[in-house]
Amino acid sequence: IELFQNMGYQYVYGPDIENRDFSSPLYDEVLAQSLRQINPQLPLSAINEALSKLKNFDNNSLEQKNALFMDYLQNGITVRYTEKGEPKDTIVYLLDYANPENNSFIVANQWTFVENSEKRPDILLFINGLPLVLMELKSPSREETDASAAYRQIQNYKHEIPSMFVYNAICVMSDLLISKAGTITSGEDRYMEWKTVDGSYENTQ
């Protein structure tokens, strides 16, 4: 948490957030505020249409929903709204890639989410209220737990709180000695150790 705070992330302790919908994987208040900030030229009706699309996916597989969300994340959400009686099409962007400081960066722990059961992932990274990164941590001092145990826990989360993974870009598993990153479809053997900034070699620190 301190590492992310040092990079400019705001720290949020889950139980401190009042009046939160525990059945929503999104940080709804921050998401709505961020979309208005990133798309200041658009009317509220367009923002609300984008929020509706973000929260209501067709009844497809988790992988299909995640693929559509990744398209939204990269290219924005096409919406139709009415202005002065005229229908208009526009794009609502979820991230401001040109101005990183215009986005909201939050690191959260003890973030309760209730779906098939109640779960609290160890660390969630929210960008503009979207839970893009889930981190599962295991203690290196306990012999019965390691990074593989973290991988199994992430698979359990996918079964118990699948909606969280609709919005996931990266899963991280770590036992402090080994840290690896993958996606929702990665087998454990496809989780890779983090690269250095220039990508020249793998770095487990």
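Residues numbered from 1 in each chain as written. Predicted model: local features only at pLDDT ≥ 70, side-chain atom pairs only at ≥ 80, totals over all residues. Heavy atoms only, no water.

Student: So what's going on with the layout of surface pockets? Residues and values would help.
Tutor: In this structure, the second largest pocket occupies an estimated 210 Å³ of space. What lines the second largest pocket is a set of 14 residues, among which Pro 25, Lys 55, Phe 57, Ser 163 and Tyr 167 lie closest to the centre. Residue classes in the lining of the second largest pocket are distributed as six nonpolar, four polar and four charged. (1 Å grid on protein atoms, 1.4 Å probe; cavity = no way out; pocket = protein on both sides within 12 Å on 5 of 7 lines; lining within 4 Å. Points joined across faces, edges and corners; volume = space filled by probe spheres on them. Nonpolar A, V, L, I, M, F, W, Y, C, P; charged D, E, K, R; others polar.)

Student: Provide a residue-level description of the pattern of salt bridges, including the pertinent values.
Tutor: If you walk through the whole model with that rule in mind, you get five salt bridges. Across the salt bridge formed by Asp 89 and Arg 80, the nearest N and O atoms sit 2.8 Å from each other. Take Asp 89 and Arg 80: they sit in the same class, and that class is exposed. Of the charged contacts, one joins Glu 118 and Arg 120 as a salt bridge, the two residues approaching to 2.9 Å between their closest N and O atoms. (Salt bridge = Lys/Arg side-chain N within 4 Å of Asp/Glu carboxyl O. Buried < 20%, exposed > 50% of the residue type's maximum accessible area, 1.4 Å probe, protein only.)

Student: Account for helix α2 (residues 28–38), with residues named and values stated.
Tutor: Among the residues of α2, Val 30, Leu 31, Ala 32, Ser 34, Leu 35 and Ile 38 are the ones counted as buried. At its buried positions, α2 is contacted by α3 (44–55), β3 (86–92), β4 (105–109) and β8 (130–137). (Helix = DSSP H or I, 4+ residues; strand = E, 2+ residues; numbered from the N terminus. Contact = heavy atoms within 4.5 Å.)

Student: Go over the pairing of strand β9 (residues 170–174), please, and point to the residues and values.
Tutor: Here β9 lies mainly inside the structure; four of its five residues are buried. Sheet topology note: the β8/β9 ladder contains five bridges and is parallel. Paired with Leu 137 across the strands is Ser 174, a residue of β9. In the sheet, β9 pairs with strand β10 (residues 179–182) via four bridges, with the strands oriented antiparallel. Bridge assignment links Met 173 to a residue of β10, and that residue is Lys 180. (Pairing = 2+ DSSP bridges.)

Student: Lay out the pairing of β3 with the relevant residues and their values.
Tutor: Judged from the seven bridges that link them, strand β2 (residues 77–83) and β3 form a sheet pairing that is antiparallel. Counted as the bridge partner of Val 79 is Thr 90 from β3. Counting the residues that bridge the hairpin from β2 to β3 gives two residues, and of these Lys 84 lies at a positive phi of roughly 55°.

Student: Pulling in residues and values, what's your account of helix α4 (residues 62–75)?
Tutor: Taking 1.5 Å as the rise per residue, α4 with 14 residues should run 20 Å; its terminal C-alpha atoms sit 20 Å apart, in good agreement. Inspection of α4 places Leu 62, Asn 66, Phe 69, Tyr 72 and Leu 73 among the buried residues, and these make up the whole buried set. Along the axis of α4, the buried residues cluster in a sector spanning 115°; they form a single face. On its buried face, α4 sits against α3, β2, β8, α5 (147–160) and α6 (162–166). Two residues or fewer after α4 comes Gly 76, characterised by a positive phi angle close to 90°. (Expected span 1.5 Å × (residues − 1). Arc of directions from axis to C-beta.)

Student: Kindly report on a nonpolar patch on the surface, identifying the contributing residues and their values.
Tutor: A contiguous nonpolar patch, built from Ile 1, Tyr 11 and Tyr 13 and spanning about 230 Å² of accessible area, is present on the exposed surface. Secondary-structure assignment places Tyr 13 in strand β1 (residues 10–13). (Patch = residues over 30% accessible without salt bridge, like charges linked within 9 Å, V, L, I, M, F, W, Y side chains within 5 Å. Areas by Shrake-Rupley, 256 points an atom, 1.4 Å probe, with all protein chains shown as cover.)

Student: Could you give an account of the environment of Pro 25, naming the residues involved and the relevant values?
Tutor: Topologically, Pro 25 is positioned in the loop between β1 and α2. Along the primary structure Pro 25 and Gly 129 are separated by 104 residues, whereas in three dimensions their C-alpha atoms are 9.3 Å apart. Apart from residues lying up to four places away in sequence, Pro 25 is in contact with Phe 113, Phe 126, Pro 131, Ser 163, Met 164 and Tyr 167.

Student: A description of the packing of aromatic side chains should follow, citing residues and the corresponding values.
Tutor: Counted by the stated rule, this structure contains nine aromatic pairs. Geometrically, the ring pair formed by Tyr 9 and Phe 105 is edge-to-face, given 5.4 Å between the ring centres and 65° between the ring planes. With Tyr 9 in the loop between α1 (2–6) and β1 and Phe 105 in strand β4, this pair connects stretches of sequence that are 96 residues apart. With a relative accessible area of 15%, Tyr 9 lands in the buried category. Residue Phe 105 is classed as partly exposed on the basis of its relative accessible area of 26%. (Phe/Tyr/Trp six-rings, centres within 6.5 Å; stacked < 30°, edge-to-face > 60°.)

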